[in-house]
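Observations on the three-dimensional arrangement
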Amino acid sequence: MKNKIYLNPSSFVSTSGKPETLIASVNRCTRCNACVQSCPSYLIKPEETASPRGRVQLIRLILEGKVKPQHHLPLIKHSLQDCLLCGRCTLACAGNIAVAQQVSCLSKAVNLPLMPASLKFFLHLKVLSPRFFDILIRFIQFLRYWKLFIVTGIGKKSSLYWIKYLHQTMPAPKQSLQAQLRKNKINISPKKPDFIYLPSLQACYAEPDIGQKTLQLLAPKKTHILFHTSTGFFEYLHGEHTRCLSQAKHLLTQWEKLSSCKAPLVTDSWETFAFLKNYPILFASLSGWQKRAEVFASHVRFVADFIKPKKSALNFKTALDFSGLLFLPLENISFSRRILKTQAGKNLLECDYSRFPIPLGSVLFARPAQAEQVLLENVKDVARQQIKQVYCLSGWAALILAHALKRHYPAAQAQHIVYLQDQHDRI
């Protein structure tokens with residue numbers, strides 16, 4: 001007898017900071033088809049099972065008991081593993097239905113891994129032992145610097161192919177952001193800070209210039225930097241809800257102690273920003289914590305908010321990429337677009353330059369063939385519209401797209417939006 005698979009209809013999902021049960025979210029779907037043409041997986045493989053509408057109806061049938069997931073696992077996993085968790089369907093949906101979060105809930109229920117086990121263990125070390133994780137990163141940087149990956153054979157095994165991909169994608173090894181700040185004797189934990197900065201993994205290790213430029217934008221105010229601090233996002237996607245709540249509570253409490261609920265918490269990661277804005281849904285069943293989370297979410301800021309652009313400073317065709325995972329706060333996308341519009345003027349491509357998002361996070365490694373195809377379509381859109389510069393809201397997206405452009409269309413570049421301030425400073 002097959003083990004019974006349970007999908008909790010009371011699980012909370014949301015894209016607006018307001019919690020909604022899974023069953024209520026699914027039932028709001030009118031099957032209008034607006035989401036279908038915005039879905040990159042459907043555009044590549046036009047099948048109903050590969051569309052957001054098909055996935056939503058599959059979840060609805062499971063919740064209503066009309067489909068027994070343990071009897072149809074191959075079909076369910078086939079439908080789910082095409083999803084890039086990009087949230088484009090939610091942007092197109094008049095009801096703002098959180099399809100990517102619904103897919104995430106079902107993926108956990110059927111035990112569909114969203115990343116290779118070795119990568120999951122590696123990233124989990126960041127939570128379990130931050131110091132050891134930092135040492136491991138430095139060791140990897142040492143191997144990269146001395147070009148020892150070929151000698152050691154790391155990345156040749158299929159289970160570790162993600163290491164080889166990261167090695168090819170990441171820029172030249174650099175000293176970590178924390179090490180750079182210590183070398184320059186910069187105080188990273190001042191008392192009564194004006195800002196609290198939560199740097200992304202990319203800003204800490206892969207591209208520390210993002211962190212440096214963020215701090216420049218926040219200067220001369222006092223900034224407390226939260227290194228080795230987990231938001232709970234990793235556990236939300238790949239782990240247990242209890243661990244996610246525990247990490248979220250820790251961050252929330254830490255912010256309250258540092259700032260007395262006054263200082264803005266700034267992040268350079270679009271995924272982190274959007275997740276923190278949706279903290280209230282994590283505590284939907286805990287009213288006291290939910291009120292505290294609402295206060296916290298109102299103080300979360302994205303780094304683009306502090307850019308001071310100069311009107312019409314860009315003399316080349318440019319575009320904004322807002323690829324992310326699960327959450328896409330529309331008002332903040334619009335705000336970032338207005339900043340870029342001020343700087344670029346008529347050189348900003350007004351319409352969204354690409355129908356294809358940049359594959360991010362675990363999706364890139366769990367489904368490499370599909371991710372590569374989607375990324376190539378993105379590059380084609382850049383070339384077709386003769387864009388010279390793409391500004392990304394995610395450091396990870398900027399690194400991935402920059403590598404793809406270098407391979408297939410070197411006439412264009414991709415950067416994190418924090419570098420937009422450089423264009424202003426040159427004028």
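Notes on the structure in this doc start here.

**Looking at a nonpolar patch on the surface**
- Residues F139, F142, Y145 and W146 make up a contiguous nonpolar surface patch of about 510 Å² in total accessible area.
- Positionally, F142 belongs in helix α8 (residues 130-145).
- For F142, a relative accessible area of 43% gives the class partly exposed.

**A closer look at the nonpolar core**
- Membership of the largest hydrophobic core comes to 135 residues, with the highest contact counts inside it found for L85, Y279 and L401.
- With 8 residues, helix α22 (residues 395-408) is the largest single contributor of residues to this core.
- The residues touching L85, leaving out its near neighbours within four places in the chain, are A100, V103, L114, L237, G324, L325, L326 and V363.

**Side note on the packing of helix α10 (residues 161-169) against α22**
- Viewed as axis vectors pointing N to C, α10 and α22 meet at an angle of 80°, and their least axial separation amounts to 9 Å. On the basis of their axis angle, the class for α10 and α22 is roughly perpendicular. Judged by residue contacts, Y165, L166, Q168 and T169 of α10 engage W396, L399, I400 and H403 from α22.
- Classifying every residue of the contact of α10 with α22 gives 5 nonpolar, 3 polar and no charged.

**Overview of the sheet that holds strand β5 (residues 265-267)**
- An order of β4-β3-β5-β6 is seen for the 4 strands of this open sheet, with the pairing classed as parallel. In this open sheet, the two edge strands, each paired with only one partner strand, are β4 (223-225) and β6 (300-302). Here the average twist between neighbouring strands, direction ignored, is 30°.
- Packed onto the sheet, helix α16 (residues 270-277) meets β3 (195-198), β5 and β6 and runs at close to 155° relative to β6.

Scoring rules and cut-offs
- Residues numbered from 1 in each chain as written.
- Predicted model: local features only at pLDDT ≥ 70, side-chain atom pairs only at ≥ 80, totals over all residues.
- Heavy atoms only, no water.
- Patch = residues over 30% accessible without salt bridge, like charges linked within 9 Å, V, L, I, M, F, W, Y side chains within 5 Å.
- Areas by Shrake-Rupley, 256 points an atom, 1.4 Å probe, with all protein chains shown as cover.
- Salt bridge = Lys/Arg side-chain N within 4 Å of Asp/Glu carboxyl O.
- Helix = DSSP H or I, 4+ residues; strand = E, 2+ residues; numbered from the N terminus.
- Buried < 20%, exposed > 50% of the residue type's maximum accessible area, 1.4 Å probe, protein only.
- Core = buried A, V, L, I, M, F, W, Y, C linked by side-chain atoms within 4.5 Å.
- Contact = heavy atoms within 4.5 Å.
- Axes fitted to C-alpha atoms, helices over the stretch in contact; angles between N-to-C directions.
- Parallel < 35°, antiparallel > 145°, perpendicular 65-115°, else oblique.
- Nonpolar A, V, L, I, M, F, W, Y, C, P; charged D, E, K, R; others polar.
- Pairing = 2+ DSSP bridges.

Keep in mind that these numbers describe shape and distance, not what the molecule does.
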